[in-house]
Amino acid sequence: MITRTRLAAGACALLAALAAGMAFPAGASAGEPTGEDAPKVDLVLDVSGSMRTRDIDGGTRMAAAKQAFNEVLDATPEEVQLGIRTLGADYPGDDRKTGCKDTAQLYPVGPLDRTEAKTAVATLAPTGWTPIGPALLKAADDLDGGAGSKRIVLISDGEDTCAPLDPCEVAREIAAKGIGVTIDTLGLVPSTKLRKQLSCIAEATGGTYTSVEHTDELTDKVNQLVDRAADPVVTPVATEGADACAKAPTLKSGLYTDREEFGQQRWYRVDVGPGQELRASVSVGADRAVNPSYGVLLRAVTVHGREIVRGEAAGNGRTDVLSTGLRYPKAESDEDDAAAEAVCLQVTNSFSVASGVKTTPGLPLELTVDVVDGPGDSDDVAAFGLGRGWWLLGLLVLVGFVAGLLWGWLSRWRFAIWRTN
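Keep in mind that what you see is a predicted model, and the values were worked out from it rather than measured. (Residues numbered from 1 in each chain as written. Predicted model: local features only at pLDDT ≥ 70, side-chain atom pairs only at ≥ 80, totals over all residues. Heavy atoms only, no water.)

## A few points about the pattern of salt bridges
Working step 1: One pass over the structure, following the stated rule, counts 15 salt bridges.
Working step 2: Between E78 and R114 there is a salt bridge, and its shortest N-O distance comes to 3.0 Å. Of the two residues, E78 is situated in the loop between α2 (61–75) and β5 (81–87) and R114 in helix α4 (residues 114–122); the sequence distance between them amounts to 36 residues.
Working step 3: For E78, a relative accessible area of 68% puts it in the exposed group.
Working step 4: Between R279 and E277 there is a salt bridge whose closest N-O contact spans 2.7 Å.
Working step 5: Classification of R279 as partly exposed rests on a relative accessible area of 23%.
Working step 6: With relative accessibility at 3%, the residue E277 sits in the buried group.
Working step 7: A single salt-bridge network, built from bridges that share partners, covers R299, E307, R310 and E312. (Salt bridge = Lys/Arg side-chain N within 4 Å of Asp/Glu carboxyl O. Helix = DSSP H or I, 4+ residues; strand = E, 2+ residues; numbered from the N terminus. Buried < 20%, exposed > 50% of the residue type's maximum accessible area, 1.4 Å probe, protein only.)

## Some thoughts on the sheet that holds strand β2 (residues 40–46)
Working step 1: Across the sheet, six strands lie side by side as β6-β5-β2-β7-β8-β9; this open sheet has mixed pairing. Lying at the two open borders of the sheet, with one neighbouring strand each, are β6 (103–110) and β9 (209–211). Within this sheet the neighbouring strands show an average axis-to-axis angle of 15 degrees, counted without direction.
Working step 2: Judged from the five bridges that link them, β5 and β6 form a sheet pairing that is antiparallel. Residue L82 lies in a different strand from β6, and its bridge partner there is G110.
Working step 3: Contacts from helix α7 (residues 192–204) reach β7 (150–156), β8 (181–187) and β9, with the element oriented near 165 degrees to β8. (Pairing = 2+ DSSP bridges. Axes fitted to C-alpha atoms, helices over the stretch in contact; angles between N-to-C directions. Contact = heavy atoms within 4.5 Å.)

## Overview of the state of the cysteines
Working step 1: According to the stated counting rule, one finds three disulfides in the structure shown.
Working step 2: For C168, the disulfide goes to C200, at an S-S distance of 1.7 Å. Taking the sign of the S-S torsion, -45 degrees for the link of C168 and C200, the bridge is left-handed. Taken together, the positions of C168 in helix α6 (residues 167–176) and C200 in helix α7 put the pair 32 residues apart, joining distant regions of the chain. Residue C168 shares its accessibility class with C200, and that shared class is buried.
Working step 3: Here the disulfide map of the chain reads 1-2, 3-4, 5-6, the bonded cysteines being numbered as they appear in the sequence. (Disulfide = S-S within 2.5 Å.)

As C-alpha coordinates, then:
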(Lines give C-alpha, C1' and ligand atoms only; values in the text may rest on other atoms or scores of the structure.)
Protein backbone atom coordinates (compact mmCIF):
# COMPACT_ATOMS: atom_id res chain seq x y z
CA MET A 1 0.00 0.00 0.00
CA ILE A 2 2.87 2.38 0.91
CA THR A 3 4.54 1.48 -2.39
CA ARG A 4 1.39 2.36 -4.35
CA THR A 5 1.13 5.69 -2.53
CA ARG A 6 4.74 6.53 -3.40
CA LEU A 7 4.22 5.57 -7.04
CA ALA A 8 1.18 7.83 -7.26
CA ALA A 9 3.11 10.71 -5.69
CA GLY A 10 6.03 10.09 -8.03
CA ALA A 11 3.75 10.16 -11.09
CA CYS A 12 2.30 13.49 -9.96
CA ALA A 13 5.79 14.90 -9.39
CA LEU A 14 6.90 13.76 -12.86
CA LEU A 15 3.89 15.42 -14.50
CA ALA A 16 4.58 18.60 -12.54
CA ALA A 17 8.21 18.58 -13.66
CA LEU A 18 7.17 18.14 -17.28
CA ALA A 19 4.74 21.02 -16.95
CA ALA A 20 7.45 23.18 -15.42
CA GLY A 21 9.65 22.39 -18.39
CA MET A 22 6.91 23.62 -20.73
CA ALA A 23 6.31 26.68 -18.62
CA PHE A 24 9.48 28.48 -19.51
CA PRO A 25 9.53 29.71 -23.10
CA ALA A 26 12.69 29.45 -25.14
CA GLY A 27 14.76 32.64 -25.02
CA ALA A 28 14.61 34.85 -28.05
CA SER A 29 17.74 35.20 -30.11
CA ALA A 30 19.51 38.49 -29.50
CA GLY A 31 21.51 38.43 -32.71
CA GLU A 32 21.92 36.60 -35.96
CA PRO A 33 24.69 34.02 -36.38
CA THR A 34 27.29 34.86 -38.95
CA GLY A 35 29.42 32.24 -40.65
CA GLU A 36 30.63 33.94 -43.83
CA ASP A 37 34.29 33.76 -42.79
CA ALA A 38 35.81 30.34 -42.24
CA PRO A 39 36.36 29.35 -38.59
CA LYS A 40 40.01 29.19 -37.58
CA VAL A 41 41.75 26.94 -35.05
CA ASP A 42 45.40 27.07 -33.99
CA LEU A 43 46.57 23.98 -32.08
CA VAL A 44 49.44 25.02 -29.80
CA LEU A 45 51.48 22.02 -28.62
CA ASP A 46 54.06 21.94 -25.84
CA VAL A 47 57.14 20.12 -27.19
CA SER A 48 59.40 20.84 -24.21
CA GLY A 49 61.75 18.23 -22.77
CA SER A 50 59.24 17.05 -20.17
CA MET A 51 57.08 15.61 -22.97
CA ARG A 52 59.49 12.63 -23.00
CA THR A 53 57.97 11.39 -19.73
CA ARG A 54 56.32 7.96 -20.10
CA ASP A 55 53.13 8.19 -18.07
CA ILE A 56 50.25 8.18 -20.59
CA ASP A 57 48.94 4.71 -21.42
CA GLY A 58 52.43 3.26 -21.15
CA GLY A 59 53.95 5.65 -23.68
CA THR A 60 55.41 9.15 -23.71
CA ARG A 61 53.31 12.27 -23.54
CA MET A 62 54.67 13.23 -26.95
CA ALA A 63 53.51 9.93 -28.48
CA ALA A 64 50.04 10.44 -27.05
CA ALA A 65 49.91 13.98 -28.47
CA LYS A 66 51.03 12.79 -31.92
CA GLN A 67 48.43 10.03 -32.02
CA ALA A 68 45.71 12.43 -30.91
CA PHE A 69 46.74 15.02 -33.50
CA ASN A 70 46.67 12.46 -36.31
CA GLU A 71 43.13 11.41 -35.40
CA VAL A 72 42.03 15.04 -35.02
CA LEU A 73 43.43 15.91 -38.44
CA ASP A 74 41.41 13.08 -39.98
CA ALA A 75 38.20 14.31 -38.32
CA THR A 76 38.59 18.07 -38.85
CA PRO A 77 35.56 19.51 -40.74
CA GLU A 78 36.29 20.73 -44.24
CA GLU A 79 35.16 24.29 -43.45
CA VAL A 80 37.64 24.73 -40.59
CA GLN A 81 40.99 26.39 -41.29
CA LEU A 82 43.46 24.69 -38.96
CA GLY A 83 47.06 25.40 -38.03
CA ILE A 84 49.64 23.94 -35.64
CA ARG A 85 52.08 25.96 -33.54
CA THR A 86 54.77 24.54 -31.28
CA LEU A 87 56.57 25.81 -28.21
CA GLY A 88 59.89 24.44 -27.02
CA ALA A 89 60.45 22.35 -30.15
CA ASP A 90 63.70 23.71 -31.55
CA TYR A 91 66.17 25.01 -28.93
CA PRO A 92 67.82 22.36 -26.70
CA GLY A 93 70.26 24.69 -24.93
CA ASP A 94 70.36 26.35 -21.51
CA ASP A 95 70.14 30.01 -22.51
CA ARG A 96 66.85 31.18 -21.06
CA LYS A 97 66.53 34.23 -23.30
CA THR A 98 66.84 32.11 -26.43
CA GLY A 99 64.66 29.31 -25.05
CA CYS A 100 61.84 31.74 -24.32
CA LYS A 101 61.67 32.70 -27.99
CA ASP A 102 61.30 29.09 -29.08
CA THR A 103 57.89 29.04 -30.74
CA ALA A 104 57.19 28.35 -34.40
CA GLN A 105 54.32 27.77 -36.80
CA LEU A 106 54.60 24.08 -37.68
CA TYR A 107 51.64 24.22 -40.09
CA PRO A 108 50.07 27.57 -41.14
CA VAL A 109 46.43 28.32 -40.37
CA GLY A 110 44.50 27.75 -43.57
CA PRO A 111 42.79 25.06 -45.67
CA LEU A 112 43.92 21.72 -44.30
CA ASP A 113 46.16 19.34 -46.25
CA ARG A 114 45.91 16.34 -43.93
CA THR A 115 48.93 14.49 -45.34
CA GLU A 116 51.19 17.52 -45.12
CA ALA A 117 50.03 18.33 -41.58
CA LYS A 118 50.57 14.73 -40.40
CA THR A 119 54.06 14.72 -41.93
CA ALA A 120 54.89 17.88 -39.99
CA VAL A 121 53.60 16.39 -36.73
CA ALA A 122 55.68 13.24 -37.24
CA THR A 123 58.91 15.30 -37.16
CA LEU A 124 58.34 16.60 -33.62
CA ALA A 125 60.66 15.57 -30.79
CA PRO A 126 60.64 16.87 -27.17
CA THR A 127 63.38 19.47 -26.95
CA GLY A 128 63.45 22.59 -24.82
CA TRP A 129 61.69 25.22 -22.74
CA THR A 130 58.01 26.03 -22.10
CA PRO A 131 57.37 29.57 -23.40
CA ILE A 132 53.57 29.55 -23.12
CA GLY A 133 53.16 33.33 -23.01
CA PRO A 134 55.17 34.08 -26.19
CA ALA A 135 53.47 31.18 -28.00
CA LEU A 136 49.99 32.53 -27.18
CA LEU A 137 50.92 36.00 -28.47
CA LYS A 138 52.14 34.49 -31.75
CA ALA A 139 49.08 32.22 -32.01
CA ALA A 140 46.78 35.23 -31.67
CA ASP A 141 48.64 36.83 -34.58
CA ASP A 142 48.18 33.58 -36.56
CA LEU A 143 44.40 33.97 -36.22
CA ASP A 144 44.07 37.73 -36.68
CA GLY A 145 41.78 38.88 -39.46
CA GLY A 146 38.28 37.88 -40.53
CA ALA A 147 35.02 37.77 -38.61
CA GLY A 148 34.66 34.01 -38.19
CA SER A 149 35.23 32.18 -34.92
CA LYS A 150 38.85 31.97 -33.75
CA ARG A 151 40.06 29.39 -31.25
CA ILE A 152 43.44 28.52 -29.75
CA VAL A 153 43.76 25.04 -28.22
CA LEU A 154 46.79 24.92 -25.92
CA ILE A 155 48.11 21.50 -24.88
CA SER A 156 50.82 21.49 -22.21
CA ASP A 157 52.30 19.25 -19.53
CA GLY A 158 53.96 21.99 -17.47
CA GLU A 159 53.92 25.57 -16.30
CA ASP A 160 55.40 28.43 -18.26
CA THR A 161 59.17 28.76 -17.72
CA CYS A 162 59.51 32.27 -19.13
CA ALA A 163 58.22 34.52 -16.32
CA PRO A 164 57.80 37.47 -15.79
CA LEU A 165 55.78 37.25 -19.01
CA ASP A 166 52.77 35.80 -17.17
CA PRO A 167 50.71 33.72 -19.66
CA CYS A 168 47.53 34.60 -17.74
CA GLU A 169 48.23 38.32 -18.30
CA VAL A 170 49.00 37.51 -21.93
CA ALA A 171 45.57 35.89 -22.27
CA ARG A 172 43.92 38.99 -20.80
CA GLU A 173 45.88 41.15 -23.22
CA ILE A 174 44.62 39.01 -26.12
CA ALA A 175 41.05 39.39 -24.85
CA ALA A 176 41.50 43.17 -24.61
CA LYS A 177 42.44 43.35 -28.30
CA GLY A 178 38.83 42.58 -29.19
CA ILE A 179 39.71 40.16 -32.01
CA GLY A 180 37.38 37.47 -30.63
CA VAL A 181 39.92 34.75 -29.83
CA THR A 182 38.91 32.00 -27.39
CA ILE A 183 41.67 30.00 -25.70
CA ASP A 184 40.96 26.46 -24.50
CA THR A 185 43.61 24.66 -22.45
CA LEU A 186 44.36 21.00 -21.84
CA GLY A 187 46.72 19.82 -19.11
CA LEU A 188 48.51 16.48 -19.45
CA VAL A 189 49.56 16.37 -15.78
CA PRO A 190 47.21 16.48 -12.76
CA SER A 191 49.20 19.30 -11.12
CA THR A 192 47.55 21.98 -8.97
CA LYS A 193 49.91 24.72 -10.18
CA LEU A 194 49.43 23.74 -13.82
CA ARG A 195 45.66 23.62 -13.37
CA LYS A 196 45.59 27.11 -11.86
CA GLN A 197 47.68 28.58 -14.66
CA LEU A 198 45.84 26.89 -17.51
CA SER A 199 42.45 27.65 -15.93
CA CYS A 200 43.34 31.33 -15.64
CA ILE A 201 44.40 31.43 -19.30
CA ALA A 202 41.13 29.84 -20.43
CA GLU A 203 38.86 31.92 -18.20
CA ALA A 204 40.40 35.19 -19.41
CA THR A 205 39.00 34.58 -22.91
CA GLY A 206 35.85 32.60 -22.08
CA GLY A 207 37.47 29.26 -22.87
CA THR A 208 37.61 25.98 -20.97
CA TYR A 209 40.27 24.01 -19.10
CA THR A 210 40.39 20.20 -19.10
CA SER A 211 42.79 17.77 -17.45
CA VAL A 212 43.44 14.68 -19.59
CA GLU A 213 45.43 11.59 -18.61
CA HIS A 214 44.72 9.20 -21.50
CA THR A 215 45.23 9.36 -25.26
CA ASP A 216 41.57 8.79 -26.13
CA GLU A 217 40.53 11.60 -23.73
CA LEU A 218 42.96 13.97 -25.44
CA THR A 219 41.68 13.00 -28.89
CA ASP A 220 38.02 13.37 -27.94
CA LYS A 221 38.51 16.76 -26.28
CA VAL A 222 40.54 18.30 -29.11
CA ASN A 223 38.00 17.00 -31.63
CA GLN A 224 35.20 18.53 -29.60
CA LEU A 225 36.93 21.93 -29.49
CA VAL A 226 37.69 21.91 -33.23
CA ASP A 227 34.06 21.02 -33.99
CA ARG A 228 32.91 23.81 -31.66
CA ALA A 229 34.86 26.32 -33.74
CA ALA A 230 32.72 25.37 -36.74
CA ASP A 231 29.49 26.27 -34.93
CA PRO A 232 27.83 29.53 -36.11
CA VAL A 233 28.78 32.56 -34.01
CA VAL A 234 26.96 35.78 -33.25
CA THR A 235 29.09 38.84 -33.96
CA PRO A 236 28.45 41.76 -31.58
CA VAL A 237 27.90 45.21 -33.04
CA ALA A 238 30.31 47.83 -31.73
CA THR A 239 28.54 50.79 -30.12
CA GLU A 240 29.47 53.66 -27.83
CA GLY A 241 27.32 54.47 -24.84
CA ALA A 242 26.90 58.04 -23.63
CA ASP A 243 27.45 59.65 -20.24
CA ALA A 244 23.78 60.66 -19.99
CA CYS A 245 20.42 59.29 -21.08
CA ALA A 246 19.68 62.28 -23.31
CA LYS A 247 22.80 61.62 -25.40
CA ALA A 248 22.49 57.83 -25.48
CA PRO A 249 22.35 55.88 -28.78
CA THR A 250 19.05 54.13 -29.56
CA LEU A 251 19.52 50.37 -29.87
CA LYS A 252 17.39 47.73 -31.57
CA SER A 253 17.25 44.06 -30.57
CA GLY A 254 20.73 42.61 -30.89
CA LEU A 255 24.13 41.98 -29.33
CA TYR A 256 26.41 44.97 -28.70
CA THR A 257 29.94 45.50 -27.44
CA ASP A 258 31.44 48.57 -25.79
CA ARG A 259 34.20 49.62 -23.39
CA GLU A 260 33.58 51.08 -19.94
CA GLU A 261 36.13 52.85 -17.75
CA PHE A 262 36.48 51.91 -14.09
CA GLY A 263 33.53 53.31 -12.11
CA GLN A 264 32.07 54.87 -15.26
CA GLN A 265 28.38 55.02 -16.30
CA ARG A 266 27.29 54.09 -19.82
CA TRP A 267 23.81 54.95 -21.11
CA TYR A 268 21.79 53.41 -23.96
CA ARG A 269 18.17 53.89 -25.11
CA VAL A 270 15.63 51.31 -26.26
CA ASP A 271 12.10 51.97 -27.60
CA VAL A 272 9.49 49.68 -26.05
CA GLY A 273 6.00 49.72 -27.58
CA PRO A 274 2.71 48.95 -25.81
CA GLY A 275 2.33 45.22 -25.28
CA GLN A 276 6.06 44.57 -25.68
CA GLU A 277 8.64 43.36 -23.17
CA LEU A 278 12.23 44.56 -22.87
CA ARG A 279 14.79 41.94 -21.91
CA ALA A 280 18.32 43.18 -21.37
CA SER A 281 21.48 41.69 -19.93
CA VAL A 282 25.02 42.96 -19.56
CA SER A 283 28.38 41.33 -18.95
CA VAL A 284 31.48 43.27 -17.92
CA GLY A 285 34.79 41.45 -18.26
CA ALA A 286 37.81 41.97 -16.00
CA ASP A 287 40.54 41.59 -18.61
CA ARG A 288 43.24 42.55 -16.11
CA ALA A 289 43.94 41.97 -12.40
CA VAL A 290 41.28 43.75 -10.30
CA ASN A 291 40.80 44.34 -6.59
CA PRO A 292 38.34 42.12 -4.71
CA SER A 293 34.82 43.41 -3.94
CA TYR A 294 33.20 44.68 -7.10
CA GLY A 295 29.82 44.83 -8.76
CA VAL A 296 27.82 45.54 -11.91
CA LEU A 297 24.51 47.42 -11.98
CA LEU A 298 22.01 47.51 -14.87
CA ARG A 299 19.09 49.94 -14.48
CA ALA A 300 16.09 50.68 -16.70
CA VAL A 301 14.83 54.22 -16.12
CA THR A 302 12.44 56.62 -17.82
CA VAL A 303 13.74 59.63 -19.72
CA HIS A 304 12.76 61.67 -16.66
CA GLY A 305 15.02 59.63 -14.39
CA ARG A 306 12.48 57.42 -12.60
CA GLU A 307 13.80 53.90 -12.05
CA ILE A 308 11.62 51.16 -13.55
CA VAL A 309 13.59 48.02 -12.68
CA ARG A 310 17.17 47.03 -11.96
CA GLY A 311 19.48 44.04 -12.00
CA GLU A 312 22.72 43.81 -10.05
CA ALA A 313 25.51 41.37 -9.34
CA ALA A 314 28.47 41.46 -6.95
CA GLY A 315 31.65 39.50 -6.49
CA ASN A 316 34.44 39.18 -3.96
CA GLY A 317 37.41 37.43 -5.50
CA ARG A 318 38.99 36.82 -8.90
CA THR A 319 36.18 36.68 -11.44
CA ASP A 320 36.73 37.34 -15.13
CA VAL A 321 33.13 38.15 -16.07
CA LEU A 322 30.26 39.55 -14.01
CA SER A 323 26.75 39.53 -15.51
CA THR A 324 23.26 40.70 -14.63
CA GLY A 325 19.96 41.34 -16.43
CA LEU A 326 16.44 42.71 -16.20
CA ARG A 327 12.97 42.44 -17.79
CA TYR A 328 10.37 45.15 -18.25
CA PRO A 329 6.90 44.33 -19.70
CA LYS A 330 5.00 47.39 -20.94
CA ALA A 331 1.21 47.20 -20.64
CA GLU A 332 -1.12 47.21 -23.64
CA SER A 333 -2.71 50.51 -24.66
CA ASP A 334 -6.33 51.14 -25.66
CA GLU A 335 -5.10 53.61 -28.28
CA ASP A 336 -4.22 52.15 -31.66
CA ASP A 337 -1.56 54.76 -32.35
CA ALA A 338 0.03 54.82 -28.89
CA ALA A 339 3.67 55.84 -29.05
CA ALA A 340 6.55 53.64 -27.89
CA GLU A 341 8.22 54.46 -24.59
CA ALA A 342 11.90 55.41 -24.60
CA VAL A 343 13.60 53.38 -21.87
CA CYS A 344 17.12 54.31 -20.80
CA LEU A 345 19.54 51.54 -19.82
CA GLN A 346 22.32 52.52 -17.42
CA VAL A 347 25.37 50.28 -16.92
CA THR A 348 27.62 50.98 -13.94
CA ASN A 349 30.55 49.02 -12.54
CA SER A 350 32.50 49.22 -9.30
CA PHE A 351 35.67 47.44 -10.41
CA SER A 352 38.99 48.93 -9.23
CA VAL A 353 42.65 48.11 -9.76
CA ALA A 354 45.85 48.34 -7.77
CA SER A 355 48.43 51.00 -8.43
CA GLY A 356 50.42 50.32 -11.58
CA VAL A 357 47.67 48.43 -13.42
CA LYS A 358 46.54 50.10 -16.63
CA THR A 359 43.04 51.59 -16.53
CA THR A 360 42.80 52.15 -20.27
CA PRO A 361 41.27 50.94 -22.45
CA GLY A 362 38.08 50.46 -20.47
CA LEU A 363 36.71 47.10 -19.46
CA PRO A 364 35.03 45.07 -22.25
CA LEU A 365 31.25 45.27 -22.00
CA GLU A 366 28.72 43.11 -23.83
CA LEU A 367 25.07 44.16 -23.88
CA THR A 368 22.17 42.03 -25.11
CA VAL A 369 18.92 43.82 -25.96
CA ASP A 370 15.74 41.96 -26.88
CA VAL A 371 12.32 43.54 -27.42
CA VAL A 372 9.64 40.84 -27.77
CA ASP A 373 5.84 40.62 -27.75
CA GLY A 374 4.58 40.76 -24.19
CA PRO A 375 1.53 39.07 -22.59
CA GLY A 376 -1.89 39.71 -24.09
CA ASP A 377 -3.73 40.37 -20.82
CA SER A 378 -2.55 42.33 -17.84
CA ASP A 379 -3.81 39.63 -15.45
CA ASP A 380 -2.03 36.83 -17.33
CA VAL A 381 0.74 35.33 -15.24
CA ALA A 382 2.93 35.54 -18.34
CA ALA A 383 3.22 39.23 -17.48
CA PHE A 384 5.77 38.09 -14.94
CA GLY A 385 7.67 36.20 -17.60
CA LEU A 386 6.59 32.77 -16.36
CA GLY A 387 4.56 31.59 -19.35
CA ARG A 388 1.10 30.03 -19.67
CA GLY A 389 2.46 26.66 -18.65
CA TRP A 390 2.03 27.67 -15.02
CA TRP A 391 -1.73 27.24 -15.45
CA LEU A 392 -1.16 23.59 -16.34
CA LEU A 393 1.31 23.22 -13.47
CA GLY A 394 -1.20 24.68 -11.00
CA LEU A 395 -3.92 22.38 -12.29
CA LEU A 396 -1.67 19.33 -11.95
CA VAL A 397 -0.72 20.29 -8.40
CA LEU A 398 -4.42 20.66 -7.49
CA VAL A 399 -5.29 17.33 -9.12
CA GLY A 400 -2.39 15.66 -7.31
CA PHE A 401 -3.53 17.07 -3.97
CA VAL A 402 -7.11 15.87 -4.46
CA ALA A 403 -5.89 12.46 -5.69
CA GLY A 404 -3.72 12.16 -2.61
CA LEU A 405 -6.66 12.88 -0.31
CA LEU A 406 -8.85 10.35 -2.10
CA TRP A 407 -6.14 7.70 -2.08
CA GLY A 408 -5.57 8.23 1.65
CA TRP A 409 -9.29 8.03 2.42
CA LEU A 410 -9.67 4.90 0.28
CA SER A 411 -6.68 3.25 1.98
CA ARG A 412 -8.06 3.92 5.45
CA TRP A 413 -11.50 2.59 4.41
CA ARG A 414 -9.97 -0.63 3.05
CA PHE A 415 -7.91 -1.05 6.20
CA ALA A 416 -11.01 -0.57 8.36
CA ILE A 417 -12.91 -3.23 6.34
CA TRP A 418 -9.97 -5.61 6.69
CA ARG A 419 -9.90 -5.20 10.48
CA THR A 420 -13.69 -5.70 10.70
CA ASN A 421 -13.49 -8.92 8.71
